[in-house]
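Single-letter residue listing:
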Amino acid sequence: MAESPTILVIGPRWVGDMVMAQCLFSALKELHPNAAIDVLAPAWAAPLVKRMPELRQQIDFPLKPGALEFTIRRRFGRLLRGRYDMAYVLPGSWKSALIPFFARIPRRFGNLREMRYGLLTDIVPLPDSVKRRTAQAYFGLAQGGHFQPPHLTVDTGNQKELLARFELQPGKFVAMMPGAEFGPAKRWPSESYAGLAREMMAKGFRVALSGSKNDRDVTAEISALAPGVVDLAGKTRLEDAIDLIAAARLAVSNDSGLMHVAAAVGTPVVAVYGSTSPENTPPLAKQRELIWLHLSCSPCHQKTCPLGHLNCLKTLDVARVAAAADRLLEIPAAA
């Protein structure tokens, strides 16, 4: 193996998974300090990649999610020939391993998943105990090194400009992330977030709602029920969300990508779980509160409630989440 290997990582397509993939990147950098690590990922991932010092660059993934497009993968792989010594395939699909195969990368690591014999040269065992524990599963592909939680860098200049633009003060506001791209079975109801927002504002904190343009309907509902919140959904870029959440005194989130962002910038997190389990994908933060009702039907890992009632989230009262928030707010803020 070269002393300064070039490594290509086939990255995941969700924000939270990309954040957790940093557990692999840091392990690879520990094992190969002089390695140049690139990640093949959708264009939206570029802001995250720039905040991960282990990575050299992001290469835009040429295909839409779910598309096979065998010919395009083969052509793209051939363009990468001779550039990499190793590849790590994070997604479990058969098609995800095609580009490194066609690139003729000598060592291609990944879990077996969809019977990827031949496409991978090094099949890494995936114990049942970590199949849904994404961060640990990614880290396991390195087969060495020490597990390190994700840590995203913060652009303090951009952060200062954003705080001034939205009239927020560092450590004086609570960031709430009420969306979840995966589906409604991960979303605590808008009226519950609104109730929590009113409590936080009554304690003297401002409340900022973070999310993408896809979350605007949800944040608009909360804004109507909790006048005074700052609705930022769709008004900021991903890199802006990183910097703003880093300035918050506390983050309250569903099991979502921004939950993992909050943990990776060191903001205390209250994480609310419904159809998923905190045992699998917890925010890897030192200061956290994990809220889950442990119903017999949960976790179901479905996008929508298969029973039609969504009790795992609708019966989770504001008082319980507010108490968790209060416990974290009692921790002295960092100087």
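Residues numbered from 1 in each chain as written. Predicted model: local features only at pLDDT ≥ 70, side-chain atom pairs only at ≥ 80, totals over all residues. Heavy atoms only, no water.

1. Quick word on the sheet that holds strand β11 (residues 269-272)
Reading across from one edge, β9-β8-β7-β10-β11-β12 is the order of the 6 strands in this open sheet, with parallel pairing throughout. Whereas interior strands pair on both sides, the edge strands pair on one side only; in this sheet they are β9 (230-231) and β12 (288-291). (Pairing = 2+ DSSP bridges. Helix = DSSP H or I, 4+ residues; strand = E, 2+ residues; numbered from the N terminus.)

2. Here's the deal with the environment of S93
If you trace the backbone, S93 turns up in the loop between β4 (86-89) and α5 (98-102). Under the relative-accessibility criterion, S93 is labelled buried at 14%. For S93 and N111, which are 18 residues apart along the polypeptide, the C-alpha to C-alpha distance reads 9.8 Å. Beyond its immediate chain neighbours, meaning those up to four positions away, S93 contacts E114 and R116. (Buried < 20%, exposed > 50% of the residue type's maximum accessible area, 1.4 Å probe, protein only. Contact = heavy atoms within 4.5 Å.)

3. Some points on the pattern of salt bridges
Tallied over the full model, the rule gives 10 salt bridges. When the shortest N-O distance is used, the salt bridge between K131 and D128 registers 3.1 Å. The closest approach of N and O atoms between R237 and D240, which form a salt bridge, is 2.9 Å. Residues joined in a network through salt bridges with shared partners are R237, E239 and D240. (Salt bridge = Lys/Arg side-chain N within 4 Å of Asp/Glu carboxyl O.)

4. Some details on helix α11 (residues 257-264)
Here α11 lies mainly inside the structure; 8 of its 8 residues are buried. Buried within α11 we find G257, L258, M259, H260, V261, A262, A263 and A264. Looking at the buried residues of α11, the elements they touch are α1 (15-20), β7 (173-177), α10 (238-247), β10 (250-254) and β11. Of the residues flanking the end of α11, it is G266, one or two places downstream, whose phi is positive at about 85°.

5. Quick look at the side chain of S275
Inspection of the secondary structure assignment puts S275 in the loop between β11 and β12. Residue classification places S275 among the buried positions, given a relative accessible area of 2%. Not counting residues within four places of it along the chain, the set of residues in contact with S275 comprises A185, K186, S298, P299, C300, H301, Q302 and C312.

6. Let's talk about the packing of α10 against α11
For the pair α10 and α11, interaxial distance at closest approach is 9 Å and the crossing angle is 50°. One way to sum up the angle between α10 and α11 is to call them oblique. In this structure, α10 crosses over α11, and the sense of that crossing is right-handed. For the pair α10 and α11, contact is made by L238, A241, I242 and I245 and by L258, V261 and A262, respectively. A per-class count over the contact of α10 with α11 returns 7 nonpolar, no polar and no charged. (Axes fitted to C-alpha atoms, helices over the stretch in contact; angles between N-to-C directions. Parallel < 35°, antiparallel > 145°, perpendicular 65-115°, else oblique. Left-handed = near helix turned anticlockwise from the far one by under 90°. Nonpolar A, V, L, I, M, F, W, Y, C, P; charged D, E, K, R; others polar.)

7. Here we look at helix α13 (residues 318-329)
An ideal rise of 1.5 Å per residue puts 16 Å on 12 residues; α13 measures up with 16 Å between its terminal C-alpha atoms. If you check which residues of α13 are buried, you get V318, V321, A322, A324, A325, L328 and L329. The buried residues of α13 all sit within an arc of 160° when viewed along its axis, so they share a single face. Here the buried face of α13 lies against α8 (190-202), β10, β11 and β12. Regarding α13, its N-cap is D317, as a side-chain oxygen of that residue lies 3.2 Å from the backbone nitrogen of A319 further along. (Expected span 1.5 Å × (residues − 1). Arc of directions from axis to C-beta. Polar contact = N/O pair within 3.5 Å; in protein donor to acceptor, adjacent residues only side chain to side chain.)

8. Let's talk about the side chain of R73
Note on placement: R73 falls in helix α4 (residues 70-79). Buried and without a salt bridge, R73 has E69 as its closest oppositely charged side chain, separated by 6.5 Å. In contact with R73, not counting residues within four places along its chain, are F61, L63, A67, L68, K95, S96, L98, I99 and F102. (Lys, Arg positive; Asp, Glu negative; His and termini not counted.)

Nothing here speaks to function; it is all geometry.
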